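Analysis of the macromolecular model
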Amino acid sequence: MLETTADYLRQNLQQQVPYCVESHEVLHVKQEKGESFVVLGIEDWQAIEETLFLNRIPGLVDSIHQAHQEVLEKGGSPLKELDW
């Protein structure tokens, strides 16, 4: 995560925002007074929202972990052992 100040972001907004969007970096912005905040691209935010939504489904995470351990076919390897 990158860090900057609100003043620096204000002066360099046209460079900082496209960089965050294209590189998928999160920019942590510190303010002198008040709360800090982050800048991230909409694609990254949507991925976070999807993950949060899926984690709310009871048993889904356990099911995914269990499937990760299972062998795909007779004589095969578990997903975790495959070279992606």
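The structure under discussion appears in the preceding block.
Source: prediction; values computed, not measured.

1. Things to note about the side chain of Gln16
On the secondary structure map, Gln16 appears in helix α2 (residues 13-23). Accessibility expressed as a relative area gives 17% for Gln16, which makes it buried. Filtering out sequence-adjacent residues up to four positions away, Gln16 remains in contact with Tyr8, Leu9 and Leu27.

2. What to know about the nonpolar core
Within the largest apolar cluster, six residues are counted, these being Ala6, Leu9, Cys20, Leu27, Val29 and Val39. If near-sequence neighbours (up to four positions away) are discounted, Leu9 is found in contact with Thr4, Gln16, Leu27, Val29, Phe37 and Val39.

3. Description of the pattern of salt bridges
Counted under the stated rule, the structure contains two salt bridges. Here Asp7 and Arg10 are joined by a salt bridge, their closest N and O atoms 2.6 Å apart. Of this pair, Asp7 and Arg10 both sit in helix α1 (residues 6-11), three residues apart, which is roughly one turn of that helix. A residue is classified by how much of its surface remains accessible, and Asp7, at 39% relative accessible area, is partly exposed. For Arg10, a relative accessible area of 59% gives the class exposed.

What counts, and at which threshold
Throughout this description, residue numbers start from 1 for each chain and increase along the sequence as written. Residues qualify for local features only when their pLDDT is at least 70, as the model is predicted, and side-chain atom pairs are given and counted only at 80 or more; totals for whole chains, interfaces and linings, by contrast, use all residues. Based on all heavy atoms of the structure, the side-chain values leave hydrogens and waters out of the count. Each helix corresponds to a stretch of at least 4 residues labelled H or I by DSSP, and each strand to a stretch of at least 2 residues labelled E; elements are numbered beginning at the N terminus. Burial classes: relative accessible area under 20% of the type maximum marks a residue as buried, over 50% as exposed, and values in between as partly exposed (1.4 Å probe, protein chains only). We call two residues in contact whenever any of their non-hydrogen atoms come within 4.5 Å of each other. Remark: nonpolar core denotes a set of buried residues (Ala, Val, Leu, Ile, Met, Phe, Trp, Tyr, Cys) joined through side-chain atoms within 4.5 Å. Any Lys or Arg side-chain nitrogen found within 4 Å of a carboxyl oxygen on Asp or Glu counts as a salt bridge.

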